[in-house]
Amino acid sequence: MKVDLLIRNGWVYRTYRQCFEQADIAVVGERFYDISPASCYEADSEVDASGKYIIPGLIDIHMHIESSMTYPGEFSAAVLPFGVTAVVADPHEIANVFGLEGIKSFLSQETKLDIFYGIPSCVPSTSPELETSGGTIGEAEVMELIKDDRVLCLGEVMNETDLLSEEDTLIKRIVALCKKEGRGLRIEGHCPALTKEELAAFIGSGVDADHTQQTPESILEKTDMGMFLELQKKSLTKEVVEAVVTHNLYENVALVTDDTMPDHLAKGHLNLILKLAVECGMAAEKAIYCGTFTPARRMGLHDRGMIVPGKLADFAVYDNLVDFIPERVFKNGKEHIKETAVQKPQFPDHFYQSVKCRLALASDFKLNHCEISEGTAIVNVMQIQSFGTRICHVKREIPVKGGSLRWREAGLCLAAVYERYGKTGDVAYGLVENGFKLPGAVATTWSHDSHNLLVLGNSVKDMVLAQNQVVHMQGGYVTARNGKVTSSASLPVGGILYDGSLSTLSEALSAVRCEIEAMGYENSNEIMSISTLTLLVSPELKLSDKGLFDVRTKRKVPLVERYNPA
């Protein structure tokens, strides 16, 4: 028999036994036809894979295209060369800005990468009373999205307060709707702080997966309760991987990216998560299993994830299983040739005119409305950590002079959030510890999840300059020092996406990252750390355009706890 493609003499991954065996792979059309130790097929095209490893296409089931600050077509061109052949994207960032229209703008774009979608479950991430977003997703929008076959799950349920409430809440109705009408849709979760009875109630409601930062203890508690875990970079520590390995939890685990910055995306995607898992102690064969088969099974993608007859011929050829950089990638039975030019997306004109807040003034950052003229104030402070996006809630005593909070004298930075959709014009403030060591500022509209305009700094003139520049750019990232803009990355589509090449964007964001580092900001991912100061579902104290909020209770926290007159 003659086949379309024959891969000879490669070390082929055997999924169920999680090992490699030397075999030939025959492909007819888009699918695997046969895998045998020594085939006798003729072929239109042959590849000698002697000494090479062949594994199924990688499948990332928890990620956000918007985290790469680009659009689906450019994202597809970026990740396919890394052996990623399918993703399940939760478009809640574009939904927060433009609602259903934003999601449809993604769904309308054709890509060589198979992009499936989750329905954003929490837009806004909490409620309109706690933050202002540009769009909302309710029951009507969910019903419309359920009809699309590319929709595989309800995206991460983050608002556990409303989900566990005894009241009739929107998120409870959305979960119930997906259970009833959803074609067996999976229901994904976000529960970094839940444990014991609350975790049991969360899972019992139908939300049975979590992708947030794990510990060895949370790994065991959650898997014992039947939860499927999606491990991203910040969860892949030696201790967490040891817990997975020791207890043989591979059936309950998938490897995912969640968020990949554009300057990091140029170097790799899910393949680098597999590499990290192996470096932390997971066998390469097990990491491959958790990057191909378990994610496919979790999302009901039964036509892929294995190199066996009848499945889609999505696979990659590797020289070694150390760096996980593929030599060749095959999608639907054909070799993928790296794209040199990607068609520019067609977004509506109003997507480019979405930042509608006023320009900042120096007076915005004075904080000169204290109840006392002289003395001190006990203030609630967001304390940045050196790893991850967790912000600790601490209290500090700072000077009050002339009726003004002297936050700079106390060594703190000031964060301000401007409502940017032209709905309220609100501005809210928070104090930050472990921010910049040197004078300067950063401003951005890429601030999760509602994407209002965030300014962080310890120099008033630089804060004004950075904020003004972001407004003029209609969105992006800007740094300023010594009265000058020092770097910028334009994100003109909704203030969160760049519609040009990834290489241009990567270079610009890399310069932003370098400037943030130069000002003394220390974190494992500076961009994400700053951008999640406004994420009201990530512990512990966060800031929105409505004010400071305790993430666990969703209660508003005053900037000043009390005053101590001199």
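Preceding this section is the structure that the text describes.
Please read all numbers here as calculations on a predicted model, not as lab measurements.

What counts as what
Residues numbered from 1 in each chain as written. Predicted model: local features only at pLDDT ≥ 70, side-chain atom pairs only at ≥ 80, totals over all residues. Heavy atoms only, no water. Helix = DSSP H or I, 4+ residues; strand = E, 2+ residues; numbered from the N terminus. Rg over C-alpha atoms; globule rule 2.2 N^0.38 Å. Buried < 20%, exposed > 50% of the residue type's maximum accessible area, 1.4 Å probe, protein only. Contact = heavy atoms within 4.5 Å. Areas by Shrake-Rupley, 256 points an atom, 1.4 Å probe, with all protein chains shown as cover. Lys, Arg positive; Asp, Glu negative; His and termini not counted. Charge placed at Lys NZ, Arg CZ, Asp CG, Glu CD. Salt bridge = Lys/Arg side-chain N within 4 Å of Asp/Glu carboxyl O. Pairing = 2+ DSSP bridges. Core = buried A, V, L, I, M, F, W, Y, C linked by side-chain atoms within 4.5 Å.

Asks: Pulling in residues and values, what's your account of the overall build of the protein chain?
Replies: In terms of helices and strands, the protein chain carries 14 helices and 29 strands. Taken against the 2.2 N^0.38 rule, which gives 24 Å for 566 residues, the C-alpha radius of gyration of the protein chain at 25 Å falls within 12% of a compact globule. Principal-axis analysis of the C-alpha atoms places the extent of the protein chain at approximately 90 × 50 × 45 Å. Evaluated residue by residue, the protein chain yields a buried proportion of 62% over its 566 residues. Taking the intrachain contacts of the protein chain between residues at least 6 apart in sequence as the baseline, contacts between residues at least 24 apart amount to 69%. If you sum the accessible surface of the protein chain, you get close to 21,000 Å²; carbon and sulfur atoms cover 49% of it. Charged side chains in the protein chain number 56 positive and 76 negative. The centres of these two groups are separated by 3 Å.

Asks: For the pattern of salt bridges, give the residues involved together with the corresponding values.
Replies: Applying the stated criterion across every chain, the model contains 37 salt bridges. For lysine 104, the salt bridge goes to glutamate 144, with nearest N and O atoms at 2.5 Å. Of this pair, lysine 104 sits in helix 2 (residues 92-107) while glutamate 144 is found in helix 3 (residues 139-146), placing the two residues 40 residues apart along the sequence. Assessed through its relative accessible area of 40%, lysine 104 is described here as partly exposed.

Asks: Quick one: what's the story with the sheet that holds strand 27 (residues 547-550), residue by residue and with numbers?
Replies: The strand order 26-27-28 describes an open sheet built from three strands, whose pairing is antiparallel. Looking along the sheet, the strands with just one partner apiece sit at the ends: strand 26 (541-544) and strand 28 (556-557).

Asks: Account for the pairing of strand 8 (residues 114-119), with residues named and values stated.
Replies: Among the six residues that make up strand 8, six are buried, leaving the element largely enclosed by the rest of the structure. Residues Asp114, Phe116 and Gly118 point to one face of strand 8 and Ile115, Tyr117 and Ile119 to the other, with burial holding for every one of them. Relative to strand 8, strand 7 (residues 84-89) runs parallel, the two sharing four bridges. Across the sheet, the residue bridging to alanine 86 is aspartate 114, located in strand 8. As judged from the three bridges shared by strand 8 and strand 9 (residues 151-157), these two strands associate in the parallel manner. What sits directly across from tyrosine 117, in strand 9, is valine 151.

Asks: An account of the nonpolar core is needed here, citing residue identities and associated values.
Replies: Core analysis: the largest hydrophobic core is formed by 160 residues, its most contacted members being Leu255, Leu405, Leu431, Leu456 and Tyr477. When near neighbours in sequence (up to four residues on either side) are disregarded, leucine 456 contacts Cys413, Leu414, Ala415, Val432, Phe436, Gly440, Ala441, Val442, Tyr521, Ile530 and Leu533. The next biggest cluster of nonpolar side chains, apart from the first, holds 16 residues, and it includes Leu5, Phe32, Ile54 and Ala313.

None of this, on its own, says anything about what the molecule does.
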